[in-house]
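# Overview (structure and organization)
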Amino acid sequence: LNKYLNSEPLPESDGPTQANILLAIELIMKHLETKSYQEIESYIDFILKNVWLVRLQLPSSAHAIRVFPKVNNRGLELDDADLIKNFLFQRATESEYEALSNRWESATNTLDRARLKRVKSMEFLMKILIGIETGNSIPKGKLYVEWEKRLDSEIKVKELAQKLPERAGQLVRISKSELPQNGMKTDITMGTHMSAWIQQYEVLLAGSHLEDSTYRKLLRMVEDRAMLSYWANEPNNDFERIIHPWSHAIGKLDSHPSDKEFFEASTRARQDFQGLADAAFLGIKKLNYETQSHRDRLRYILARVNSRVQGMLHIAPTPLEKLMITSRGEVQGFDLDHIFPK
């Protein structure tokens, strides 16, 4: 806006906020080009004579942030992430304000590259970060209140702001079935990727500090637990109930935990495993290859079985992505459709 007001060249947008501002400037300029000086003067005169600005002053910034959602109910609704952002900024000194703002903006722009729309918001990131911190499910409307309790010092505010861009980048990579540390593609999460599940992202983000081999164990465990839930038709609330304490325990692990420490941190994920596995097996038996929507699910299951058998025979497993290719796209050899999986 400053560049526009000073008649300087406008930059290319580097995120949704700047893109919207540039679009607004373009629309306003096109509109003004069709108006005469008298019409514009009349409009400004109308604004000056008929628009009133009311200033509501409250005793503290924290109080103001609590009151704002109630006053703002006629405008564009703000989510809890906006309130957290304001809380961050009100605690920052004038010299720190720009750095904090840039980190928040960087995280926001990074999230815009996530694969799924539900993952693109700062509110989603802040919700899973508080789940990792507390081990509890925090209702959407109480997200700000919970963060306010935890950000009780200037140091904690700075620590949160410092890690937001990195956490946003890790979450984006997880959403694209990439390793959060280096962006390497993996097909371990193919099942949840196809099903567009996002609840498990919290555990995967919590473990993003783990060394490679341990993180891959976590990927496999999270994928298997999520897919069992999917096939068993487990209620979402039941699955979500284990996510927050699981992610909290994983987040507290050292980057090189022992196998015992890793499996102890995942205790909640293994509760009632046999009952869930039995229900999942019944769910799988109900799948029919002649039903279009069931085909990818069956072929994924068969691809997993194929990969497992190859591993037991000490054969380098065929990538799941290749096994999932249909006959129409196969150039040589056989694919899973040839064995009539119905």
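Above this text you will find the structure in question.
Residues numbered from 1 in each chain as written. Predicted model: local features only at pLDDT ≥ 70, side-chain atom pairs only at ≥ 80, totals over all residues. Heavy atoms only, no water.

In this section: the nonpolar core. Among the nonpolar cores identified, the biggest contains 60 residues, and Met126 and Ile250 are the most heavily contacted of them. Sequence-distant contacts of Met126, defined by excluding residues within four places in its chain, comprise Ala81, Ile84, Leu143, Trp147, Leu160 and Leu164. Membership of the second largest hydrophobic core comes to 16 residues, among which are Met227, Leu228, Leu276 and Ala280. (Core = buried A, V, L, I, M, F, W, Y, C linked by side-chain atoms within 4.5 Å. Buried < 20%, exposed > 50% of the residue type's maximum accessible area, 1.4 Å probe, protein only. Contact = heavy atoms within 4.5 Å.)

By the element assignment, Ala206 lies in helix H11 (residues 201–206). Excluding residues that lie within four positions of it along the chain, Ala206 makes contacts with Ile132, Ser247, Ile250 and Gly251. (Helix = DSSP H or I, 4+ residues; strand = E, 2+ residues; numbered from the N terminus.)

For Asp272, which is not glycine, the phi dihedral falls at a positive 50°. Mapped onto the fold, Asp272 is located in the loop between helix H14 (259–265) and helix H15 (273–285). The exposure class assigned to Asp272 is exposed, which follows from its relative accessible area of 62%. Positive phi outside glycine occurs at His314, with the angle close to 60°.

Residue pairs three or four apart in sequence face the same way in an α-helix, which turns once every 3.6 residues. Counted at 1.5 Å a residue, the expected span for H15 with its 13 residues is 18 Å, and the 18 Å between its end C-alpha atoms agrees. Every buried residue of H15 is listed here: Leu276, Ala277, Ala280 and Gly283. Mapping the buried residues of H15 onto a view down its axis gives an arc of 120°, with all of them on the same face. Exposed residues lying more than 90 degrees from the buried face of H15 are Gln274, Phe281, Leu282 and Lys285. (Expected span 1.5 Å × (residues − 1). Arc of directions from axis to C-beta.)

Any functional reading would require information that these geometric values do not contain.
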